[in-house]
Amino acid sequence: MPPHTHARRSHKRTRATVAVGLGAVLGSTALFAGVQSATAGPKDSTPSMNESFESAAEKYDVPRDVLAAVGYGETHFDGHDGKPSQAHGFGVMHLVSNPSRQTLEQAAEITGESVTELREDTDANIHGGAAVLRAHADKLGLSAAERNDVDAWYPAVARYSGAEGAVARMYADDVYDTLDKGVGATTPDGERIEVAGRTVHPDKSEVDASGLDTKAPDYPDAAWVPAHGANYADGRSAKIDKIVVHVTQGSYAGTISWFQNPDAKVSSHYVVRSKDGQVTQMVRDANTAYHARSANSSSLGIEHEGYVDDASWFTDPMYRSSAKLTRHLADKHGIPLDRKHIVGHNELPDNDHTDPGKHWNWDTYMKLVKG
């Protein structure tokens, strides 16, 4: 099988009923009273991703474009062959299984699919994502009429992020920006997936935005969302002499949320968003982020939203914003503007990571850094 294709299986059995175990997951079987429990017939062939989005949207009464916009924001429609993200999320819909969040297991309970299928099979994963979104909508009390309104799904999308406060708001805003502008992307299998643009006016009042506009202490163009104290160390044991370029293996908001999670035990000083180059600082320059093992004490880490095997994440706004940040940090800390001191995570000793990977354009980046 060629690299980065989805390892999908033909469905030789009927799907389990929708409401299996809902009492355990959602607290009340009444929450899913509106979902049909009829099973689908056997499938003779693997559905396309477009078909999966359509059938999952219909089965769980989630607007198709809301579901697809969430999938695009999480993975650009790439399931990465069932490999986990940094936060241990899987598939196109990034169903998560880590100590503090178990949407993968929740999806298994609701859909009746196995955890393995939800990780590795794109159709099952998309249905699982739809089931989790619908569960959030039911907990919020969305009526059947409201479920037909794209704007009404904003707080459910925020909850799907697994984040809280400003980061959940950031996540939902990204999804609704996609819904507003529209997007088209090609999957690793060559299928074209599109989300039609439309005017959106969601009510954001249910999602706390406090702290969203707090300015970073060390870089004036960045927002400040501090990492959890368990994920970095106060102070430095060495002089800062290098900047390390990373790729998140996950989404922007998802990475920020993960660095706020004490279970992560990882962090970076800065995170850069793909679509527009927005920057968030999470660890003070003077403190030691856990991002590069033996180089932690002497380096500053910059995470870039995306995945190493997908060039679509590395946009011109991201390169330009990151290069501006790197130049600022180099000037501030006396770091030479060369490839001995501005390095990839994969170039450091005592590391087993591959980021930023073959799609990262070092020539373009260094030209921008040097101005």
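Predicted model only: the values in this text are computed from it and were never measured.

1. Quick notes on the sheet that holds strand β9 (residues 279–281)
With mixed pairing, six strands are arranged side by side in an open sheet as β5-β9-β8-β11-β7-β12. Edge positions in the sheet fall to β5 (223–224) and β12 (342–344), since each of these pairs with one other strand and no more. Contacts from helix α10 (residues 252–259) reach β8 (270–272), β9 and β11 (299–304) within the one sheet, and its direction differs from that of β8 by about 165°.

2. Thoughts on the confidence of the model for the protein chain
Chain-level statistics for the protein chain give a pLDDT mean of 89 and a share of 88% at 70 or above. Of the regions scoring below 50 in pLDDT, residues 1–43 engages in 104 contacts with residues more than four places distant in sequence or in other chains.

3. Details of the pattern of salt bridges
Per the stated rule, a full pass over the model turns up 21 salt bridges. With its nearest N and O atoms 2.7 Å apart, the salt bridge here joins R273 to D276. Look at R273 and you get buried, because its relative accessible area is 8%. On the basis of relative accessible area, D276 is assigned to the partly exposed category, the value being 39%. A salt bridge links D352 to R293, with the nearest nitrogen and oxygen atoms 3.5 Å apart. Here the residue D352 occupies a position in the loop between β12 and α12 (362–370), and R293 occupies one in the loop between β10 (288–289) and β11, the gap between them amounting to 59 residues. The exposure class of R293 is partly exposed, given its relative accessible area of 46%.

4. Examining α12
Listed as buried for α12 are W362, Y365, M366 and V369. The buried residues of α12 occupy an angular sector of 95° when the element is viewed end-on, so they sit on one face. In α12, those exposed residues whose orientation departs by more than 90 degrees from the buried face are D363 and K367. Tucked into the core, α12 has its buried residues touching β7 (242–247), β11, α11 (316–333) and β12. Sitting at the amino-terminal end of α12 is N361, which places a side-chain oxygen 3.2 Å from the backbone nitrogen of D363. Following α12 by one or two positions, G371 has its phi on the positive side, about 70°.

5. Focus on the environment of A233
By secondary structure assignment, the location of A233 is in strand β6 (residues 232–233). Along the sequence, A233 and A286 sit 53 residues apart, while their C-alpha atoms lie 9.7 Å from each other. A233 has contacts with N287, T288 and Y290, leaving out every residue within four places of it along the chain.

6. Here we look at the nonpolar core
Generally speaking, soluble globular proteins have nonpolar side chains that are buried together. Residues F53, L67, F77, W153, V157, Y176 and L179 are the most contacted members of the largest nonpolar core, which totals 67 residues. Leaving out residues up to four positions away in the same chain, L67 has contacts with F53, A56, A57, V62, M93, I126, G129, A130 and L133.

7. Details of the packing of aromatic side chains
All told, the structure shown has eleven aromatic pairs when counted by the stated rule. Judged by centre distance (5.8 Å) and plane angle (70°), the ring pair of F53 and F77 falls under edge-to-face. Here F53, found in helix α2 (residues 49–60), pairs with F77, found in the loop between α3 (64–75) and β1 (89–90); they are 24 residues apart in sequence, far enough to count as distant. In this structure F77 comes out as buried when scored by relative accessible area, which is 0%. Of the aromatic side chains, those joined through ring pairs into one cluster are F314, Y319, W360, W362 and Y365.

8. Quick word on the pairing of strand β4 (residues 192–195)
Sheet faces and side chains relate simply in a regular strand, where the side chains alternate between the two faces. Burial along β4 is one-sided: I193 and V195 are buried, while R192 and E194, pointing the other way, are not. Relative to β4, strand β3 (residues 183–186) runs antiparallel, the two sharing four bridges. Within β4, the residue paired with G184 across the bridge is E194. Here β3 hands over to β4 after five residues, with G190 in that stretch at a positive phi of 90°.

9. A short note on the pairing of β11
Of all the six residues making up β11, six are buried; the element is thus mostly covered by neighbouring parts of the structure. Residues S299, G301 and E303 line one face of β11 and the alternating positions L300, I302 and H304 line the opposite face, and both faces are buried. Across six bridges, β7 lies against β11 in parallel orientation. Of the residues in β11, the one forming a bridge with K242 is S299. Looking at chain direction, β8 and β11 are connected through three bridges and run parallel. Across the sheet, residue V271 finds its bridge partner in β11, namely E303.

Calculation notes
Residues numbered from 1 in each chain as written. Predicted model: local features only at pLDDT ≥ 70, side-chain atom pairs only at ≥ 80, totals over all residues. Heavy atoms only, no water. Pairing = 2+ DSSP bridges. Helix = DSSP H or I, 4+ residues; strand = E, 2+ residues; numbered from the N terminus. Contact = heavy atoms within 4.5 Å. Axes fitted to C-alpha atoms, helices over the stretch in contact; angles between N-to-C directions. pLDDT = per-residue confidence, 0-100. Salt bridge = Lys/Arg side-chain N within 4 Å of Asp/Glu carboxyl O. Buried < 20%, exposed > 50% of the residue type's maximum accessible area, 1.4 Å probe, protein only. Arc of directions from axis to C-beta. Polar contact = N/O pair within 3.5 Å; in protein donor to acceptor, adjacent residues only side chain to side chain. Core = buried A, V, L, I, M, F, W, Y, C linked by side-chain atoms within 4.5 Å. Phe/Tyr/Trp six-rings, centres within 6.5 Å; stacked < 30°, edge-to-face > 60°.

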